[in-house]
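# Fold and contact review
Listed below are the residues making up each chain.
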Amino acid sequence: MKHAILGAGAVGGLVGAALADEGEDVTLLVRPESKTPHPGTLNLKTPSDTFETAVRLETKLADDTDVLWIAVKAYQLIGALRSVPSESKIGTIIPLLNGIDHVDLLRARFGHDPVVPATIAVESERIAPGQIVQRSPFARLALSMTGQQRLASVADRLRHGGFTCEFHADEKTMLWSKLAFLGPFALTGTASDKDKQGIFADAAWRARLESAVGEVCTVAAADGAAVDREKIIATLASLPATMRSSMQKDVSAGRVPELDAVGGTIVRAGQRYGLDVPVTRELVARIQERLNTLHIAAAS
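The following refers to the structure shown. (Residues numbered from 1 in each chain as written. Predicted model: local features only at pLDDT ≥ 70, side-chain atom pairs only at ≥ 80, totals over all residues. Heavy atoms only, no water.)

### Considering the pattern of salt bridges
Counted according to the given criterion, the structure contains 19 salt bridges. One salt-bridge network, in which partners are shared between bridges, spans Glu-123, Glu-125, Arg-135 and Lys-249. (Salt bridge = Lys/Arg side-chain N within 4 Å of Asp/Glu carboxyl O.)

Shown next, in the form of structure tokens:
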């Protein structure tokens, strides 16, 4: 299949490298100023392997494409879509963004059926243009069942490349499950500037983490999703000791974090259903204080 990757950073680069190594046709959509310094290859280092594979570089989607993977930061989405002309013929669009609100935005633009919501759980980092390091021992991709027939062969290739790929019938539960896992971990880790081991070793921060998970699960249930609080806490406890979220890494590096897409989404959804999320609000406020001290603007 022909794939285009919009947002070839830590996650997009990981997916693109895995697909290209499995023989798929991969094009990276990059900003004009990023095209020249990019090597035109993707070098991926995983816990078990290192390889380099060739890809094409384009600044706009020029050809018909079977699958468009969208892996930009949530606050970059509207600007990044300028790389996808309205006349582009795209079979399937797979967004891998954090949060939930982007699904409605993409379906309003491209139609309901082409957009196959997905989530990914992985610790991946772009250390230089075209150089990606997968730090977690897992890469778990969840896809809406609406794309199973179209994407079965793609899922098989990614499984062969070391991914776990599953199709889910309940989109809402799939998306909220990711947010209930990611949100509390990212917010707690960023507010405390602790890795997973540090959070769990500190009784107060672990209590905040577990309370935040409970808040997201309550909001998710009000929105019609079935998210298991105890299962999520157990999964968080099983994470590698040194694991940190991309939000925490962004703030530490002086980059703009996805505070609104993660924390803001939870707070707003709670407000819609008349549910207070005090721990989540506290964590967001602590992070905003860190950003103000570091003079980083939170994207909204």
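### Notes on the packing of aromatic side chains
All told, the structure shown has 0 aromatic pairs when counted by the stated rule. Taking NZ or CZ as reference, Arg-140 lies 3.9 Å from the ring centre of Phe-138, over its face. Here Lys-196 stacks its cationic end above the ring of Phe-200, 5.3 Å away from the centre of that ring. (Phe/Tyr/Trp six-rings, centres within 6.5 Å; stacked < 30°, edge-to-face > 60°. Lys NZ or Arg CZ within 6 Å of the ring centre and 35° of its normal.)

### What about the sheet that holds strand β11 (residues 140-144)?
Spatially, 3 strands are ordered β8-β11-β12 in an open sheet, and the strand pairing comes out mixed. With one partner strand each, in any of the chains shown, β8 (118-121) and β12 (164-168) form the two edges of the open sheet. Each adjacent strand pair in this sheet contributes to an overall mean axis angle of 15 degrees, direction not counted. Here 4 bridges tie β8 to β11, and the two strands are oriented antiparallel to one another. Note on β11: the bridge partner recorded for Ala-121 is Arg-140. Packing of helix α6 (residues 171-192) onto the sheet brings it into contact with β8, β11 and β12, and relative to β8 it is tilted by some 30 degrees. (Pairing = 2+ DSSP bridges. Helix = DSSP H or I, 4+ residues; strand = E, 2+ residues; numbered from the N terminus. Axes fitted to C-alpha atoms, helices over the stretch in contact; angles between N-to-C directions. Contact = heavy atoms within 4.5 Å.)

### Digging into the environment of Glu-52
Note that Glu-52 resides in strand β4 (residues 50-54). The spatial distance from the C-alpha of Glu-52 to the C-alpha of Thr-36 is 19 Å, given a sequence separation of 16 residues. Beyond its immediate sequence surroundings of up to four residues, Glu-52 is in contact with Thr-41, Leu-42 and Asn-43.

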